[in-house]
Amino acid sequence: MHRDTLSCIASVEKLEEVISFIEDCADHSKLDMKRKMGLLIAAEEAFVNVCSYAYPDGLGEVLVSCAFSNTEFEVEVADFGREFDVLSIPEPDTESDIMDRQIGGLGVHFIRKLSDEASYRREHGQNILKMKINLAFNSDII
Amino acid sequence: MEMQTKKEANATVVAISGRMDAVTAPEYEKCINALVTEGESSFVIDFTSLDYISSAGLRALLATAKKLKVSSGQIHFACLTGTVKEVFDISGFASIFKMHDSVSAALVAIG
């Protein structure tokens, strides 16, 4: 599996750079446009979560890596903050009406729903969130 | 993300294009708030050219819709397709907003 990694500070100002990096990698794989957009949204949610919560005392580093083969494309977002599994956040409210609707938890919901498989692991002092797309499900394959 | 506004007889149509993400979503809120301050209370948001929306974008859409509801204004959404439509569906947002297949249908609904 070919893998590329981008290291940057955990700041939303870096969002465009992160998304472009993932998009470049995706364009070298067989990921179709619709699933690429979905994965980019899931990756934004993961990156923005790290920016918002991983380093409450200041700035820290984020590692974003992409890897793909003929059968799958994966993105990993890693931070060096305290141990935290973002996938432990409960499912959000997706039913109440406009005035009662809360937005909390929606980002994690997108991470789960817009990837085929999302998993968390703690390794070498890093929180690592992996989002995987199965290329066999590509909508352009007949 | 870019926004183009067009005043119609009964509403202002705001066409959004590009990506509505954690960095750009506040621009949308700013744009709608400025139009409200100028006296507009009815909006159609045209999503034809929007390729991408994250939870930050949904948060901005929800915040402006809540504000308009309190002030008896209205906001209708038109032409959601592809990934943007999928994001609305999986978040349950498709059921809380007034959605239309075209801008003209949205303008008719506003009346």
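Refer to the structure printed above.
In this text the structure is predicted, and so the values were computed from the model without any measurement.

Each value, and the rule that gives it
- Residues numbered from 1 in each chain as written.
- Chains lettered and ligands numbered in written order.
- Predicted model: local features only at pLDDT ≥ 70, side-chain atom pairs only at ≥ 80, totals over all residues.
- Heavy atoms only, no water.
- Buried < 20%, exposed > 50% of the residue type's maximum accessible area, 1.4 Å probe, protein only.
- Helix = DSSP H or I, 4+ residues; strand = E, 2+ residues; numbered from the N terminus.
- Pairing = 2+ DSSP bridges.
- Right-handed = clockwise from strand over helix to strand, strands pointing away.
- Disulfide = S-S within 2.5 Å.
- Contact = heavy atoms within 4.5 Å.
- Buried area = accessible area lost by both parts, 1.4 Å probe.
- Salt bridge = Lys/Arg side-chain N within 4 Å of Asp/Glu carboxyl O.
- Polar contact = N/O pair within 3.5 Å; in protein donor to acceptor, adjacent residues only side chain to side chain.
- Axes fitted to C-alpha atoms, helices over the stretch in contact; angles between N-to-C directions.

Visitor: I tried to follow the pairing of strand β4 (residues 74–78) of chain B on my own but got confused; where do I start?
Guide: Every regular strand shows the same layout, with side chains that alternate between the two sheet faces. Residue and element names in this part refer to chain B. With four of five residues buried, β4 is to be regarded as a mostly interior element. Sheet analysis places strand β3 (residues 42–53) next to β4, joined by five bridges and oriented parallel. Bridge pairing links F43 to I75 in β4. The handedness of the β3 to β4 crossover, carried by helix α2 (residues 55–70), is right-handed. Pairing of β4 with strand β5 (residues 98–100), which is carried by three bridges, proceeds in the parallel orientation. Looking at β5, one finds that H76 is bridged to K98.

Visitor: Help me understand the state of the cysteines, please; the structure alone is not making it clear to me.
Guide: Disulfides are covalent bonds that connect the sulfur atoms of two cysteines. All told, the structure shown has zero disulfides over all chains when counted by the stated rule. No disulfide involves C8 of chain A; its nearest neighbouring cysteine sulfur is the one of C51 of chain A, lying 7.2 Å away. Between C31 of chain B, a free cysteine, and C79 of chain B, which holds the nearest cysteine sulfur, the sulfur-to-sulfur gap is 17 Å. Residue C31 of chain B is classed as buried on the basis of its relative accessible area of 17%.

Visitor: Teacher, can you tell me more about the interface of chain B and chain A here?
Guide: It is common to give the size of an interface as the accessible area that goes away when the parts come together. Taken together, the 27 residues of chain B in the interface contact 25 residues of chain A. For the pair chain B and chain A, the summed buried surface comes to about 2,300 Å²; carbon and sulfur atoms form 67% of the total. The interface formed by chain B and chain A holds two salt bridges in total. With a closest N to O distance of 2.7 Å, E23 of chain A and R19 of chain B form a salt bridge. At the surface where chain B touches chain A, the tally comes to 11 residue pairs in polar contact (both at pLDDT 80 or more). Elements represented by at least two residues in the side of chain B that touches chain A include exactly β3, α2 and α3 (82–91) of chain B.

Visitor: Honestly, the sheet that holds β5 of chain B in this entry has me stumped. Any pointers?
Guide: Residues and elements named next belong to chain B. Overall, mixed pairing links the five strands, which are arranged β1-β2-β3-β4-β5 in an open sheet. Edge positions in the open sheet fall to β1 (2–7) and β5, since each of these has one partner strand only. This sheet shows a mean twist of 25° between the axes of neighbouring strands, independent of strand direction. Of the strands in this sheet, β2 (12–20), β3 and β4 touch α2, which is tilted by about 175° from β3.

Visitor: It is not clear to me how the pattern of salt bridges should be interpreted in this structure. Could you clarify?
Guide: Oppositely charged side chains are able to pair whenever their charged atoms sit close together. Residues and elements named next belong to chain A. A complete count under the given rule lists 16 salt bridges over all chains for this structure. We note a salt bridge from R3 to E76, for which the minimum N-O separation is 4.0 Å. Residue R3 is located in strand β1 (residues 2–9), and its partner E76 is located in strand β3 (residues 72–79); the two are separated by 73 residues in the primary sequence. The partly exposed category is assigned to R3, whose relative accessible area is 38%. E72 is paired through a salt bridge with K132; the nearest N and O atoms lie 3.8 Å apart. Of this pair, E72 sits in strand β3 while K132 sits in strand β5 (residues 126–134); the two residues are 60 residues apart in sequence, bridging distant segments of the chain. The exposure class of E72 is partly exposed, given its relative accessible area of 21%.

Visitor: When you look at the side chain of N127 of chain A in this model, what are you seeing that I'm missing?
Guide: Residues and elements named next belong to chain A. If you trace the backbone, N127 turns up in strand β5. A distance of 3.4 Å separates a polar side-chain atom of N127 from the backbone oxygen of G81. Among the polar contacts made by the side chain of N127, one reaches the side chain of Y120 at a distance of 2.5 Å. Setting aside residues up to four positions removed in sequence, N127 forms contacts with V77, A78, D79, G81, R82, E83, F84, Y120, R121 and R122.

Visitor: In this structure, what is going on with the pairing of strand β2 (residues 61–68) of chain A? I would like to understand it.
Guide: Residue and element names in this part refer to chain A. A large share of β2 lies buried, amounting to six of its eight residues. Pairing geometry for β1 and β2, over eight bridges, is antiparallel. Bridge assignment links I9 to a residue of β2, and that residue is E61. Relative to β3, β2 is paired through seven bridges, and the arrangement is antiparallel. In the strand pairing of β3, C66 is matched with V75. In this structure, the hairpin formed by β2 and β3 is closed by a connection of three residues.

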